[in-house]
Amino acid sequence: MNKIQNYILGNWTSGVGEGVPLIDSVTGQIVGHASTQGLDFGEILHYGRTKGGEKLRKMTFQERGNMIKNLALYLTKRKEQFYEMSYRTGATRVDSWIDIEGGFGNLFANASLRKLFPNQPYHVEGDPIDLSKGGRFMAHHILVPKRGVAVHINAFNFPIWGMLEKCAVNWMAGMPAVVKPATSTSYLTEAVVREIIASNILPEGALQLICGSANTLLDTVESQDVVTFTGSATTGRMLKAHPRIINESVPFNMEADSLNSSILGEDAILGTPEFDLFINQVRSEMTVKCGQKCTAIRRIIVPEKLMDDVQIALGKALDKVTIGDPRLKEVRMGSLVSIDQVEEVKARTHEIAKTAKIVYGDFDKLNLIGANGKGAFISPMLLREENPFTNLSAHDTEAFGPVATIMPYKNLDEAIELAKLGKGSLVSSIVTNSDEIAKEYVINAATHHGRILVLNRENAKQSTGHGSPLPLLVHGGPGRAGGGEEMGGVRGIKHYMQRCAVQGSPTTLTEITGIYQPNSAYKESAQHPFQYHWEDIQPGMSLKTHKRTITDTDIINFANLTWDHFYAHTDITSLDGSIFEKRTAHGYFILAAAAGLFVHPNKGPVAANYGLEECRFLRPLYHNDTVYVRLTCKQKIERDVASAEHPSGIVKWFVEVFDTEDELVAVATILTMVQKKQEVFVEITDEKIAEWLNKLTENMKPHWGILTPQHLLEHLEDGYKILSGQVQDFEIATPENILEKVHHSLYNYEKFPKGSAFPTMKKGELEELMHPDFLTAKEKFLEAREAYTTFFKENPKAILKNMVFGELNRYESYLLERKHLNHHFGQFGIL
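Since the structure is predicted, the reported quantities are computational estimates derived from the model, not experimental observations.

Asks: Could you give an account of the pattern of salt bridges, with specific residues and numbers?
Replies: For side chains bearing opposite charge, pairing can occur when the charged atoms are close. A complete count under the given rule lists 41 salt bridges for this structure. Salt-bridge contacts for K688 lead to E691; the nearest nitrogen and oxygen are separated by 3.1 Å. Placement of the pair is K688 and E691 together in helix α20 (residues 686-695), with a separation of three residues, close to one helical turn. Under the relative-accessibility criterion, K688 is labelled partly exposed at 23%. The residue E783 makes a salt bridge to K780 at a minimum N-O spacing of 3.7 Å.

Asks: Which residues make up a nonpolar patch on the surface, and what values go with them?
Replies: On the surface, I129, L131 and F137 cluster together into a nonpolar patch covering about 240 Å² of accessible area. Positionally, F137 belongs in the loop between β6 (123-130) and β7 (138-145).

Asks: An account of a negative patch on the surface is requested, with residue identities and associated values reported.
Replies: On the surface, D718, E765, E767 and E768 cluster together into a negatively charged patch. Position of E767 relative to the elements: it lies in the loop between α22 (736-744) and α23 (774-794). Judged by its relative accessible area of 32%, E767 falls in the partly exposed class.

Asks: Please set out the pairing of strand β29 (residues 626-637) residue by residue, giving values where relevant.
Replies: Most of β29 sits inside the fold, with twelve of its twelve residues counted as buried. Bridging between strand β26 (residues 541-544) and β29 involves three bridges; their strand directions are antiparallel. Looking at β29, one finds that K544 is bridged to R630. Two elements, strand β27 (residues 548-549) and β29, share two bridges in a ladder whose sense is antiparallel. Looking at the pairing, T549 lines up with T626 of β29. Where β29 meets strand β30 (residues 648-659), ten bridges bridge the pair, whose relative direction is antiparallel. Following the sheet pairing, Q635 is matched in β30 by K652.

Asks: So what's going on with the packing of aromatic side chains? Residues and values would help.
Replies: The tally for this structure, following the rule as stated, stands at 20 aromatic pairs. When the ring of Y720 is compared with that of F781, the centres are 5.7 Å apart and the planes differ by 55°; the resulting orientation is tilted. A residue pair is termed long-range when its members are at least 10 positions apart, and Y720 in helix α21 (residues 709-723) and F781 in helix α23 qualify at 61 residues. Summarising the burial analysis for this pair, Y720 and F781 share the class buried. One aromatic cluster in this structure is built from Y720, F781, Y788, F791 and F792. Cation over ring: R194 sits above W12, and NZ or CZ is 3.9 Å from the ring centre. Positioned above the aromatic ring of F730, the side-chain terminus of K801 is 4.9 Å from the ring centre.

Asks: Give me unusual backbone geometry: which residues, what numbers.
Replies: Even without a glycine there, the phi angle at L9 is positive, about 55°. When you line up the elements, L9 lands in the loop between β2 (6-8) and β3 (11-13). What makes L9 partly exposed here is its relative accessible area of 27%. One non-glycine residue, D662, lies in the positive phi region at around 60°.

About the cut-offs
- Residues numbered from 1 in each chain as written.
- Predicted model: local features only at pLDDT ≥ 70, side-chain atom pairs only at ≥ 80, totals over all residues.
- Heavy atoms only, no water.
- Salt bridge = Lys/Arg side-chain N within 4 Å of Asp/Glu carboxyl O.
- Helix = DSSP H or I, 4+ residues; strand = E, 2+ residues; numbered from the N terminus.
- Buried < 20%, exposed > 50% of the residue type's maximum accessible area, 1.4 Å probe, protein only.
- Patch = residues over 30% accessible without salt bridge, like charges linked within 9 Å, V, L, I, M, F, W, Y side chains within 5 Å.
- Areas by Shrake-Rupley, 256 points an atom, 1.4 Å probe, with all protein chains shown as cover.
- Lys, Arg positive; Asp, Glu negative; His and termini not counted.
- Charge placed at Lys NZ, Arg CZ, Asp CG, Glu CD.
- Pairing = 2+ DSSP bridges.
- Phe/Tyr/Trp six-rings, centres within 6.5 Å; stacked < 30°, edge-to-face > 60°.
- Lys NZ or Arg CZ within 6 Å of the ring centre and 35° of its normal.

Any link to function would need more than the numbers given here.
Here is the structure:
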């Protein structure tokens, strides 16, 4: 008997007893059994809070983000195995793509948010708040990871996406998770968790999995925990009222199934692109995942004059929906998750049909492709409700399957009221080419929907669709939809963090937040701040410049240079009634002059000006005014580098311009790109090579790989012959689609992976030696290196081919030499 296991307390564990049978929804066969009998949920939650939580909380946002990115890459390489298992849930390839790659995409999207957070374990929110007239008492809000565990109780329809869209967020926040998927499809969640655990990318305890019944799971939650629930509104309300949730004030986020609506604009008549878009969208939302989506369209609200047109067009569109084995390419819709779900959908549909008329579909007639009658198959069902303000069943009852109801409206106000009758939904959409109609609908309907899509001919090709929650947008809705929020980019991460207002002096808060606060004590820099690498710059590091007097000539020349002839700068006869007293310096001249005072001219770690974030001129500066600048590091921000440049970060500099009376006259925040230290590789010099060769002996053994010392020297000799242009009769081996990325990797500070092989080398075999002995190989190696250095002295602008990295200039050739020699001499432990 195949037992679906739980991953708890650092081990894969089977529950006691036979457990609940899990059924293949297409064939009706048993996939396995799931049991949680004998598990101690209190111990599981405690393990997460301590074992996983301690490690995650200490990681910085950058470390967490890169961890999640690596996990996404790892899972993406193994995605195909999950598709085969996903078919058992009744999902087609397209349905499974949403669940599988949509889940992995959520990891990627949330990992990218690390750029919006500081390189520390906690976050500083918003702007500082001055609490005193003297500027010596202030406050700032910080957010720290909660010291609990995120308990995720998920629905059956998205066993992968449902887990990862939540976990990505709590991991980014620094919080561990305990995932409880719906039992019926937990075998698919278990398969993904097995790969996650096998990857060893997450710290132990960051993820635990419970497959099966967990009725007492909430009995031991604590105030620092967060509970999320996805599923029916009835179950959600029951869990939300759990005494432990109430007594401990545990944050509870509910995302419940809702009666989502889509409105056809009055302008979108038969024959318009919008009419066709509407029909295609409704058919898709009815049939994708066999209608088992919390965001599916349940209520189709159309102008009463277009009711027949929509019904006919939808019927024709649904006729094209083939039903059967989801593994088959010709099948457009698979099955529901279980036979029980089929009976549930039928019952709910019949309830709606007490007042509405079934105008498409038949529960008793199915033309299946490649499947027998043992699966949980069902026909798409379209109902028509003529009196939607009187008969409310379609607004109250949800058939969680391929079922939707058409209903008419007389004007847009009625359409808005009908949409609101759903008592709160996750999403609504309106299909119209009229921006006036769109605005009227959105502004008046937004109170009852978590998201609204406006679809028209302009955005149709790029639109992600009515039913697609996106990682950077809020997913949730008011009322029936649960009143909670998931995802939403930075907003979602904050749900798993505790906000705390910190009060103190500017100097103290600078140290706490890692952001320089105005009026904080300066840290005088021992040398010009632009001479420091990224790692050595600290918030508060400051430089006071020498002074400069602004002259009439400066102002006139700047006006002529920029063509900015605003009267205050050029026409002193027009100053009456203005705020200006004399010829006034341009604001941008003040900025430029400030830069002239604080910029260090020599080449150094500052790679480039990255932009200007804010600027204010507090009073006019006139000719003959004298100013000086105070340049202070405000904040450091991590930066991903993917192009041909060395690793760097962004430094925000607070620029204060003072007059001779020490009165502040202008402030700005400028950004510079600052290179990080290169401390990974030993720089290559003649002396260093001589030292290494002196340590390399003929009989040394490598720490990894199979090269002998002589093979090493001959391999490096070949490399130098390519770098010097002696060998160029080869094709570049790296595929064109990744060549640029591989080329750019020369600039990073990452070592070549152990076991890296040159394309021409025999895998697992030593090459035949070229030279008779080790000493000769040494001589030839040095000759080849001398030829390389001589070549570039004589041809400094030369560009030569490399088999792996493409075309290289002189500097890039050195970067390759540095990585290559560090790799191989490190292989023999003699760096």
